[in-house]
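Commentary on secondary and tertiary structure
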Amino acid sequence: DDLWILLAPTYNIKDEAQKVASRRQLFEPGGSATAKLEIFERMLEGGDGFCVKEAGLSVADLMYFSFLSVIRSGFVDGLSPDLFQPFPNIMRHKEKIASIPEIRAYYEDAGRSNPHAVPYYEVFQP
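A short tour of the structure in this document, coming up. (Residues numbered from 1 in each chain as written. Predicted model: local features only at pLDDT ≥ 70, side-chain atom pairs only at ≥ 80, totals over all residues. Heavy atoms only, no water.)

1. Digging into a nonpolar patch on the surface
- Together, Y11, F75, Y120 and Y121 give the surface a local cluster of nonpolar side chains, amounting to about 370 Å² of exposed area.
- Structurally, Y11 can be placed in the loop between α1 (2-7) and α2 (16-26).
- On the accessibility criterion, Y11 (39% relative accessible area) is partly exposed. (Patch = residues over 30% accessible without salt bridge, like charges linked within 9 Å, V, L, I, M, F, W, Y side chains within 5 Å. Areas by Shrake-Rupley, 256 points an atom, 1.4 Å probe, with all protein chains shown as cover. Salt bridge = Lys/Arg side-chain N within 4 Å of Asp/Glu carboxyl O. Helix = DSSP H or I, 4+ residues; strand = E, 2+ residues; numbered from the N terminus. Buried < 20%, exposed > 50% of the residue type's maximum accessible area, 1.4 Å probe, protein only.)

2. Some points on the pattern of salt bridges
- For the structure shown, the criterion picks out 3 salt bridges.
- Across the pair K94 and E95 runs a salt bridge whose closest N-O atoms are separated by 3.0 Å.
- As a salt-bridge pair, R104 and E108 come within 3.7 Å of each other at their nearest N and O atoms. With R104 and E108 both in helix α6 (residues 101-108) and 4 residues apart, the pair spans about one turn of that helix.
- Given a relative accessible area of 33%, R104 falls into the partly exposed group.
- Judged by relative accessible area, which is 53%, E108 ranks as exposed.

3. Side note on the layout of surface pockets
- The calculated volume of the largest pocket comes to roughly 300 Å³.
- Forming the boundary of the largest pocket are D1, D2, L3, W4, K36, L37, I39, F40, M63, Y64, F67 and L68.
- Contributions of two or more residues to the lining of the largest pocket are made by α1, α3 (32-43) and α4 (59-71).
- Tallied by class, residues from the lining of the largest pocket come to 9 nonpolar, no polar and 3 charged. (1 Å grid on protein atoms, 1.4 Å probe; cavity = no way out; pocket = protein on both sides within 12 Å on 5 of 7 lines; lining within 4 Å. Points joined across faces, edges and corners; volume = space filled by probe spheres on them. Nonpolar A, V, L, I, M, F, W, Y, C, P; charged D, E, K, R; others polar.)

4. Overview of empty space enclosed by the protein
- A complete count under the given rule lists 1 cavity of 30 Å³ or more for this structure.
- The calculated volume of the largest cavity comes to roughly 60 Å³.
- Considering the residues around the largest cavity, the lining is formed by F40, Y64, F65, L68, S69, R72, F84, I90, M91, H93 and K94.
- If you list the elements that add at least two residues to the lining of the largest cavity, you get α4 and α5 (88-98).

Right under this line is the structure:
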């Protein structure tokens, strides 16, 4: 939710170039969205790759996976699939969750996961 709170005001910007620039600025080094991502990056350090080290796979992992994948999917104009490349723990987390057999099978079955062939779903796959 923290990232959507930061992104929400950009939806009111009428000028497309300004909207994209505002969104990208949030994710630049020192940007307010980057600060939130840095917290999650540190949270994932030194554990088993899940959000809550003691719990293993949890709802938090599924939420982060889904939420962050949508942000970098191309659904939000101006933000691209390589958005989280500077965050290796976040990228490993994405791969870990996407590789869970049930999740992998869901996204590999385009008829179930993407019946309207929306291009955004590619980022959910390992």
